[in-house]
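# Architecture and fold: a report
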Amino acid sequence: MAERKPLISGNWKMHMNHLEAIQLIQKLSYALDHADYASADVSIHPPCTSLRSAQTVLEADGIPIALGAQHCHWEGAGAYTGEVSPAMLAKLAVSYVIAGHSERRQLFGETDENVNRRLRAILSAGMTPIMCCGETLEEREAGQTEPRITAQVDAGLAGLKQAQVGAMVIAYEPVWAIGTGHTATPDDAQAGCALIRDRVRAGFGAEAAAGVRIQYGGSVKPVNVAELMAQPDIDGALVGGASLEADSFSRIVRFRLQ
Ligand code: 13P
């Protein structure tokens, strides 16, 4: 099996203006060292208004944290008030773009079809998508976890090439675990991530399944990250609340020492 380097990503959501972003990045750069970056890839996903400042401080100080975005439109340019294009993000040295986060699905009407368009556009612009999927509490209680995840993965990845899927990131984020403090058990998190890998294998072959990095997201904290990361199909974490403090995020990046 391909060796998959863990990817620990901080989704800052709608937090951190550009000055706060600079401060947090500087604190992170003091908290993390070369051994940390050697053992895990790290990305941060500030709001759009903080991307330029984040890019500048990361580049100026040579900090090996990848810049990520939280969202983009699929068109290259046009009359789409309020949106940003993949090319605009790529120009800011953005490497990873989140697509299909449950908050965008639930609050902003994002559909599987839109997620698929977004993935294609992100890939065409030379960036790596982080596609989120996961079931709601109602779906879980109704025994619909598997069909929900399967449908999201199949529709989101439809028509992509094997090599594209093998190089991308998928995040399993059960909606009931996001921002609630109710982390999935390591077994449940592993089951969701294994299901995603199985779907990738069925649709895109063994090589893509061995390459794709699958993150778990939902109330990841320094105290629970190690047991989650010990699961065979969990290759990283997509962290919300705990990524807003340098201390907790750096301890999550250093999960092997928890
Ligand atoms: P929390 O870590 O705050 O639960 O958020 C998870 C998440 O939605 C990351 O994208």
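How each quantity is defined
Residues numbered from 1 in each chain as written. Predicted model: local features only at pLDDT ≥ 70, side-chain atom pairs only at ≥ 80, totals over all residues. Heavy atoms only, no water. Helix = DSSP H or I, 4+ residues; strand = E, 2+ residues; numbered from the N terminus. Buried < 20%, exposed > 50% of the residue type's maximum accessible area, 1.4 Å probe, protein only. Contact = heavy atoms within 4.5 Å. Near = heavy atom within 4 Å. Polar contact = N/O pair within 3.5 Å; in protein donor to acceptor, adjacent residues only side chain to side chain. Areas by Shrake-Rupley, 256 points an atom, 1.4 Å probe, with all protein chains shown as cover. Nonpolar A, V, L, I, M, F, W, Y, C, P; charged D, E, K, R; others polar. Core = buried A, V, L, I, M, F, W, Y, C linked by side-chain atoms within 4.5 Å. Phe/Tyr/Trp six-rings, centres within 6.5 Å; stacked < 30°, edge-to-face > 60°. Lys NZ or Arg CZ within 6 Å of the ring centre and 35° of its normal. Pairing = 2+ DSSP bridges. Axes fitted to C-alpha atoms, helices over the stretch in contact; angles between N-to-C directions. Left-handed = near helix turned anticlockwise from the far one by under 90°. Salt bridge = Lys/Arg side-chain N within 4 Å of Asp/Glu carboxyl O.

### Remarks on the side chain of S9
Examined against the element boundaries, S9 turns out to sit in strand β1 (residues 7-11). Its relative accessible area of 0% is what places S9 among the buried residues. Excluding residues that lie within four positions of it along the chain, S9 makes contacts with S43, H45, I130, Q215, A237, L238, V239 and F249.

### Re the site of the ligand
Every residue lining the ligand is accounted for by N11, K13, H101, E173, A177, I178, G179, G218, S219, L238, G240 and G241. G240 has a polar backbone atom sitting 2.9 Å from an oxygen atom of the ligand. Separating an oxygen atom of the ligand from a backbone N or O atom of G241 is a distance of 2.8 Å. Coverage of the ligand by the protein chains reaches 97% of its 310 Å² of free accessible surface. For the shell around the ligand, a count of residues per class yields three nonpolar, seven polar and two charged.

### Remarks on the nonpolar core
Judged by nonpolar contacts, the single largest core of 69 residues is most densely connected at I8, I44, I65, V94, L157, I170 and Y216. Ranked by residue count, the leading element in this core is helix α10 (residues 186-204), at six residues. Of all hydrophobic cores here, the second largest spans nine residues; its members include L7, I98, I130 and A171.

### Things to note about the packing of aromatic side chains
Scanning the entire structure with this criterion turns up one aromatic pair. Of note, R104 hangs over the ring of F108, and the distance from its end group to the ring centre comes to 4.4 Å.

### What to know about the sheet that holds strand β6 (residues 169-172)
A barrel is described by the order of its strands in space; here eight strands give the closed sequence β1-β2-β3-β4-β5-β6-β7-β8, paired in parallel fashion. With direction set aside, neighbouring strand axes in the sheet form an average angle of 25°. Of the strand pairs in this sheet, strand β5 (residues 128-133) and β6 are connected by four bridges, and their pairing is parallel. Counted as the bridge partner of C133 is Y172 from β6.

### Thoughts on the packing of helix α1 (residues 18-31) against helix α3 (residues 48-60)
Following both chains from N to C, one finds α1 and α3 inclined at 35°, their axes separated by 8 Å at the closest point. The chirality of how α1 crosses α3 is right-handed. Note on element contacts: α3 touches α1 through T49, S50, S53, A54, V57 and L58, opposite H18, A21, I22, I25 and Q26. The residue makeup of the contact of α1 with α3, split by class, is six nonpolar, five polar and no charged.

### Remarks on the side chain of D112
By the secondary structure assignment, D112 is in helix α6 (residues 112-124). Not counting the four nearest positions on each side in its chain, D112 is found in contact with R105, R148, A151, Q152, A155 and G156.

### Here we look at the pattern of salt bridges
Per the stated rule, a full pass over the model turns up 16 salt bridges. Across the pair R148 and E139 runs a salt bridge whose closest N-O atoms are separated by 3.2 Å. Residues R199 and D154 are paired through a salt bridge, measuring 2.6 Å at the closest nitrogen-oxygen approach. With R199 in helix α10 and D154 in helix α8 (residues 145-157), this pair connects stretches of sequence that are 45 residues apart. R199 gets classed as partly exposed once you look at its relative accessible area, which sits at 29%. Residues joined in a network through salt bridges with shared partners are R4, R197, D233 and D235.

### Comments concerning the pairing of strand β7 (residues 213-217)
Burial runs high along β7: five of the five residues are buried. Taking every second residue as pointing to the same face, both faces of β7 are buried, with R213, Q215 and G217 on one and I214 and Y216 on the other. Taken together, the four bridges between β6 and β7 define a ladder with parallel strand orientation. Note that in β7 the partner of V169 across the bridge is R213. With three bridges joining them, β7 and strand β8 (residues 236-239) adopt parallel strand pairing. Its bridge partner being in β8, Q215 is matched across the sheet by G236.

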